[in-house]
Amino acid sequence: MGRRLFVAIVRLHPRPFRERFEAELLEAFDLGRASLGTAPLLWDALRSLFRQWLLRPPMPGPDVHIAVGSASSQHGHVPGCVQLEAYRIRPAAKASGIMLALAMFGALQFATNHWSGPRLQNAMGAFRHAVGLPISRVEGPVAKKGAATVDVPRAPDSIWDDLAEKYFAGQPVLRALDSDGDYRLSAAEIAAAPSVLPMLDKNRDGKLDVTECLDPPMRDPVLMPLSPVLRQLDADRNSEVSAAEMRNAAAALLILDASGDGQLHPVEFLPERGVNRTLRFF
Amino acid sequence: MASDIQRTPPLPPATLHILLALSSSDLHGYGIMQEVLRQTEGSYKLGPGTLYDNLQRLLDQGLVTELAGGEDSRRRVYRLNPSGRAALSHEITRLDAVVRTGKLNLQTGGA
């Protein structure tokens, strides 16, 4: 039984090692088991197995020599010779690589599914922006898990400016936030949001209702969530932007910063419908 | 070679005992195990797995040479190379310094 186990462990060793030392290992086991004991020898073989697969560099296989035909060889000179080293990646390295790749993939999946905070969104957006991928826009309540995203390809700035100009006409909040009127919300304008938004509170009730957030004919509470900016500002979805939500406005707006550059471009805050219409042309 | 040996880190116990066993005579695998057992008076039991794992490394590093087997081809004999002997010598010198320092410190501490 002990010998069978030892043979099995030896056969699990890397092939070059096994072919080189198997007979000697078995002989040493047969001769040494009386004095050293079977269990210690089995344990020793297991430790050797671990070291061989994980710690030892691969044993090179036989080198391959290929004669290369050349003009000189055809004329009776010494033929050229290329030596290819028969280096093979050891299975343990492959297994480690596969496990590492799976672990990385799993970690990324977990992070994107369970940690959808603005920092991660911005980091992912910055990465996509840097490598030229379409930016990914959040389409839904970011606070909830599994918020859907949609890829938005880039289009010329003029297209977005035209769309934004029309859109801003019905959006007092955006007009107030965009202090320089360039249809973009810079980092400074986003940071100033908590102090700018209370100025829209005309009835002085400490919150912004639909009459203060939207111009006619869009003045309908049902339409508030259709505006990505208002959707983010109105975190509790009660069709009002409370004093607390105004104080948190900068952080809420930055959630829309899909490109991760710290400012909001029209592509990041125009309603999806407008974006999708624009996309038809690109 | 000397500079290489100077940079050699302390030898693992199994490697040291294998080199020590081969320093007196050429031995086959089981002979090395027996010699280690004898030299350490049974306190260090070298298993075949550890033995051949280390022998493989020593062969690859050129510290030990494999000689062709005699009547029994399964029994290959291993011989310590000059470089292996130099590595062993360096390790003995290092251990000697450790022992001297240890003794001195213990004597000083006990006084």
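Up top you'll find the structure we're talking about.
Right, let's walk through the structure included here. The structure presented is a predicted model; accordingly, all values stated were derived computationally and were not measured.

About the criteria used
- Residues numbered from 1 in each chain as written.
- Chains lettered and ligands numbered in written order.
- Predicted model: local features only at pLDDT ≥ 70, side-chain atom pairs only at ≥ 80, totals over all residues.
- Helix = DSSP H or I, 4+ residues; strand = E, 2+ residues; numbered from the N terminus.
- Buried ≥ 20, exposed ≤ 12 C-beta atoms within 10 Å, placed from the backbone.
- Arc of directions from axis to C-beta.
- Axes fitted to C-alpha atoms, helices over the stretch in contact; angles between N-to-C directions.
- Parallel < 35°, antiparallel > 145°, perpendicular 65-115°, else oblique.
- Left-handed = near helix turned anticlockwise from the far one by under 90°.
- Contact = placed C-beta atoms within 7 Å.
- Nonpolar A, V, L, I, M, F, W, Y, C, P; charged D, E, K, R; others polar.
- Pairing = 2+ DSSP bridges.

Helix and strand counts for chain A stand at 16 helices and four strands. Within chain A, the fraction of its 282 residues that count as buried is 26%.

Residue and element names in this part refer to chain A. Those residues of helix α1 (residues 2-11) not exposed but buried are F6, I9 and V10. Projected down its long axis, α1 shows its buried positions confined to an angular sector of 100°, all on one face. Relative to its buried face, α1 has exposed residues pointing more than 90 degrees away, namely R4, A8 and R11.

Residues and elements named next belong to chain A. Between α1 and helix α2 (residues 15-36), whose axes approach to 10 Å, the crossing angle comes to 160°. Relative to α2, α1 is oriented roughly antiparallel. The hand of the α1/α2 crossing is right-handed. Along its contact with α1, which presents G2, R3, F6, V7, V10 and R11, the element α2 presents R18, E22, L25, L26, F29 and R33. Taken together, the residues of the contact of α1 with α2 break down into six nonpolar, one polar and five charged.

Interfaces are often sized by the accessible area lost when the parts come together. The partner chain A presents 19 residues to the 14 residues of chain B that form the contact. Counting residues per element, the ones that place at least two in the side of chain B that touches chain A are α3 (29-39) and α4 (48-61) of chain B. It is α4 of chain B that contributes the most residues to the side of chain B that touches chain A, seven residues altogether. Classifying every residue of the side of chain B that touches chain A by side-chain character gives five nonpolar, five polar and four charged.

Let us now look at the sheet that holds strand β2 (residues 64-67) of chain B. Residue and element names in this part refer to chain B. Ordered by their spatial adjacency, three strands build an open sheet running β1-β3-β2, and the pairing between neighbours is antiparallel. Each of the sheet's edge strands pairs with one partner strand only, and the pair in question is β1 (27-28) and β2. As paired elements, β2 and strand β3 (residues 77-80) share four bridges and run antiparallel to each other. Bridging from a neighbouring strand, L67 pairs with V77 of β3.

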